[in-house]
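# Topology and contacts: notes
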Amino acid sequence: MKLLIDVGNTSLKAVLWHSEQSQSADINNLPWLKITEVIYACVGRSDLLNDILTQAASNSINCFEAKVSKKLGDLVCAYEHVGNLGIDRWLALIAGFKLYPNKAFIVVDAGTATTIDVLNCEGLHLGGWILPGLDLMTSSLTQNTQGVFDDGKTPFTNELGKNTPNGLKNGALVATIGAIEQAKLHLNAQKADQAVQIIFAGGYGSLLQQQFEESIFDSLLVMKGLNYWYELSKTA
Ligand SMILES: Nc1ncnc2c1ncn2[C@@H]1O[C@H](COP(=O)(O)OP(=O)(O)O)[C@@H](O)[C@H]1O
Ligand SMILES: CC(C)(COP(=O)(O)O)[C@@H](O)C(=O)NCCC(=O)O
Ligand SMILES: [K+]
């Protein structure tokens, strides 16, 4: 089985992958005798990742770090400087392309940051946006103003706010919803008759998914991307 690792700015996620199935991995007790390779993606420095890679090396297990390339199969990256695109964004696009071949879609990965990426039905990444994640949006306001406060219990909803925590939380949510609506315009301009598939991932992906009918949430999207990236890179 493979050990797949996704290191974000908030947390490290790890799963064991075997015969197209994933199983959660206890990073404090990894079954090294059963692991054949480690495939990982990392958007920041991580001591925990370094520790796992050291354990892999002492067990003579090969480790592969996923990287963004200009092309992968029919998928084409929008960035001129491809190394600047977050690898988590590229992996989410790879997974979406495999899940919905020949279909236009938008990927929203809502974690520390919220990233929105647009892919057309030919596999061309049209580009995307980086927004502060929902927690970063609210904390930047509570930390940089006198009067804006959170009460730690107000949920994110799309209602108009009638008190401060409501205004704060809902403002962050609707700003994010508005950005996704803007992304849809970039695909509708290309193909007016086709509904756009939206795929959500990340810690706040499930919450955001509930705001968009017929969209999907896939908690394993980046992991699936890691797996496909590895399969495709081997044959490239
Ligand atoms: N059920 C949840 N599980 C994990 N994170 C959640 C959940 N609900 C909200 N979050 C928020 O999602 C963010 C973490 O998401 P994640 O995708 O793991 O981030 P990253 O990839 O940046 O490490 C944090 O801001 C956390 O507060
Ligand atoms: C935007 C991100 C910080 C998102 O990371 P995350 O929220 O998953 O921790 C990451 O994709 C990144 O570091 N990107 C580099 C800049 C870019 O994609 O253009
Ligand atoms: K993200």
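Not measured: the values here are computed from a predicted model.

### A few points about the sheet that holds strand β5 (residues 62–65)
Pairing within the open sheet is mixed, and its five strands lie in the order β3-β2-β1-β4-β5. At either end of the open sheet lies a strand with only one pairing partner, and these are β3 (21–24) and β5. Across the sheet, the axes of successive neighbouring strands diverge by a mean angle of 25°, strand direction being ignored. Where helix α1 (residues 47–58) meets the sheet, its contacts fall on β1 (2–7), β2 (12–18), β4 (37–42) and β5, and the angle it forms with β4 comes to roughly 160°. In the packing of helix α6 (residues 221–235) onto the sheet, the strands contacted are β1, β2, β4 and β5, and the crossing angle to β1 comes to about 125°.

### Overview of the pairing of β3
Pairing between β2 and β3: four bridges, direction antiparallel. Bridge pairing in β3 links W17 to S22.

### Brief notes about the sheet that holds strand β10 (residues 125–132)
By definition, the strands of a sheet pair up through backbone hydrogen bonds, in either a parallel or an antiparallel sense. Taken together, five strands build an open sheet; the order of strands is β10-β9-β8-β11-β12 and the sheet is mixed. Of all strands in the sheet, those bounded by a partner on one side alone are β10 and β12 (216–217).

### Some points on the nonpolar core
The nonpolar side chains of a soluble globular protein tend to be buried with one another. Formed by 33 residues in total, the largest nonpolar core has its most connected members in W90, L91, I94, F105, L226 and W229. Elements represented by at least two residues in this core include exactly β2, β4, α2 (87–99), β8 (105–110), β11 (197–201) and α6. Each of domain 1 (2–65) and domain 2 (71–235) contributes no fewer than three residues to this core. Not counting residues within four places of it along the chain, the set of residues in contact with I94 comprises L72, L75, G225, Y228 and W229. Ranked by size, the runner-up nonpolar core spans 22 residues in total, among them I106, L131, I180 and I198.

### Considerations on the coordination of the potassium ion (ligand 3)
Protein-derived ligands of the potassium ion (ligand 3) are D109 (O) and A113 (O), with the metal-ligand distances lying across 3.0 Å. The exposure class of D109 is buried, given its relative accessible area of 12%. The class for A113 is partly exposed, based on a relative accessible area of 28%.

### Considerations on the UniProt feature "binding site: substrate" (unreviewed entry) in the chain
When the UniProt feature table is mapped to this numbering, "binding site: substrate" (unreviewed entry) covers Y79, G86, I87, D88, R89 and T164. These annotated residues cover 86 residues of sequence, and their C-alpha atoms sit far apart, with the largest distance between any two at 39.1 Å. As for the annotated residues, the ones lining the largest pocket are G86, D88 and R89. Note on placement: G86 falls in the loop between β7 (75–76) and α2. As for its placement among the helices and strands, D88 is situated in helix α2. Beyond its immediate sequence surroundings of up to four residues, D88 is in contact with V43, D109 and V222.

Thresholds, definitions, all that
- Residues numbered from 1 in each chain as written.
- Chains lettered and ligands numbered in written order.
- Predicted model: local features only at pLDDT ≥ 70, side-chain atom pairs only at ≥ 80, totals over all residues.
- Heavy atoms only, no water.
- Pairing = 2+ DSSP bridges.
- Helix = DSSP H or I, 4+ residues; strand = E, 2+ residues; numbered from the N terminus.
- Axes fitted to C-alpha atoms, helices over the stretch in contact; angles between N-to-C directions.
- Contact = heavy atoms within 4.5 Å.
- Core = buried A, V, L, I, M, F, W, Y, C linked by side-chain atoms within 4.5 Å.
- Buried < 20%, exposed > 50% of the residue type's maximum accessible area, 1.4 Å probe, protein only.
- Domains from an automatic or database assignment.
- Donors = N, O, S within 2.8 Å, 3.2 Å for Na, K, Ca; no water.
- UniProt positions renumbered as here; feature names shortened; annotations may be inferred.
- 1 Å grid on protein atoms, 1.4 Å probe; cavity = no way out; pocket = protein on both sides within 12 Å on 5 of 7 lines; lining within 4 Å.

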